[in-house]
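Chain residues, written in single-letter form:
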Amino acid sequence: MSTHYSFKGWVGLSKDCVEKQNLVYMDIEPKTFTEDDVDIRITHCGICGSDVHTLTNGWGDTRYPTVAGHEIVGTAVKVGKNVQGIKVGDRVGCKDDNENYCNGMVRTYNGKYPDGSKSSGGYADYTRVPSHFVFKIPDELPSEIAAPMLCGGITVFSPLKRNGCGPGKTVGIIGIGGLGHFGVLFAKALGADKIIAISRKSNKADDALAMGADAYVATDDDPNWASKHANTLDLIVCTVNSPKLPIDSHLQLLRHHGTFVQVGAPEDSAPGFNMFPLILKRVKITGSFIGSPREIEEMLELAARKGVRSWVNPWPLEKVNDALQAFERGEPRYRIVLVNEKYVGK
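Residues numbered from 1 in each chain as written. Predicted model: local features only at pLDDT ≥ 70, side-chain atom pairs only at ≥ 80, totals over all residues. Heavy atoms only, no water.

With respect to the side chain of Thr259
Okay, step 1: With respect to the element layout, Thr259 can be found in strand 12 (residues 254–262).
Okay, step 2: Under the relative-accessibility criterion, Thr259 is labelled buried at 7%.
Okay, step 3: With residues up to four places along the chain from it excluded, the contact list for Thr259 reads Asn163, Asp234, Leu235, Ile236, Leu254, Lys284 and Thr286. (Helix = DSSP H or I, 4+ residues; strand = E, 2+ residues; numbered from the N terminus. Buried < 20%, exposed > 50% of the residue type's maximum accessible area, 1.4 Å probe, protein only. Contact = heavy atoms within 4.5 Å.)

Quick look at the sheet that holds strand 10 (residues 215–218)
Backbone-to-backbone hydrogen bonds join strands into a sheet, with any given pair of strands oriented parallel or antiparallel.
Okay, step 1: The strand order across the open sheet formed by six strands is 10-9-8-11-12-13, and the pairing between neighbours is parallel. At either end of the open sheet lies a strand with only one pairing partner, and these are strand 10 and strand 13 (284–287). Direction aside, neighbouring strands of the sheet carry axes that sit 20° apart on average.
Okay, step 2: Against the sheet, helix 3 (residues 152–162) contacts strand 8 (170–174), strand 11 (233–238) and strand 12, and its axis sits at roughly 155° relative to strand 11. (Pairing = 2+ DSSP bridges. Axes fitted to C-alpha atoms, helices over the stretch in contact; angles between N-to-C directions.)

Quick word on the packing of helix 3 against helix 9 (residues 293–306)
Okay, step 1: Two numbers describe how helix 3 lies on helix 9: the axes approach to 10 Å, and their chain directions differ by 95°. Considered as vectors, helix 3 and helix 9 are oriented roughly perpendicular to each other. Contacts between helix 3 and helix 9 involve Gly153, Ile154, Phe157, Ser158, Lys161 and Arg162 from the first element and Glu295, Ile296, Glu298, Met299 and Leu302 from the second.
Okay, step 2: A breakdown of the residues in the contact of helix 3 with helix 9 according to their chemical character gives five nonpolar, two polar and four charged. (Parallel < 35°, antiparallel > 145°, perpendicular 65-115°, else oblique. Nonpolar A, V, L, I, M, F, W, Y, C, P; charged D, E, K, R; others polar.)

Structural measurements only, silent on function.
The structure is reproduced here in structure tokens:
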């Protein structure tokens, strides 16, 4: 396969690039190539909330110019001599490891390698990444289905699996959006006895039930929702990224020894809460961030075996500015996937 290609992508130059719809298609300087690296020609990349937080400097650490996108699927076009298990022509994805919990981690984008070169993401034609974070995509999963699982999917699969989701458990998923829909899908695939979808409005009830939820709670419709459903859940995964989390009410839902896992990442601090549920019911509050390569491969194998399918809205990569506006308006049901049409099928 030809190695005569250029690294170009849709670049955010300032924190108002989403608001002003002015991501610019331009040359990108890739990381310095080593014999441990893989170059990927990108066909699909999901849009994740992390992309918007980074492009807008919402988390306060953006290094402009930056290329977002970490739900990447494409074809390996250059493989270093030290790379094992990947060859030119393989359909591959990019992943994160438990390095995401380490100091000095290098993220898929908006990161800096030890030699000073920057990492760049999937809103692009090509990306270059260390092979440790590259793996084959199962044949049973189409690229547009697999791409959003590489962040959105693993973000909920990891805490579900690590906290015992499976037969005998009743699981609540708070927030039925891009992350929450994966929560329902994977709780079902993992065999939870009962899945309760929880959202503010009732407009996603039919979707949640179609994904596999057994019941739906619309909190805006019932001021007594927390007391009505108190002590019914073994595990809650909260995908909401609003700082106005009603944590006291959420903790009421847990049974004794239950666990509340926060995966949504608000830009502002969350409110305080009553400590008595922690004391009287021995409930746990914890958080989770993406997942390990082993977990990602396990998730994809489960998705392939159980027929899990992301609910996606494809958009041409060249319309990324419009796609980000649709994302900000909350239109996707439930993940936007950018499709680099000039490379699909090649």
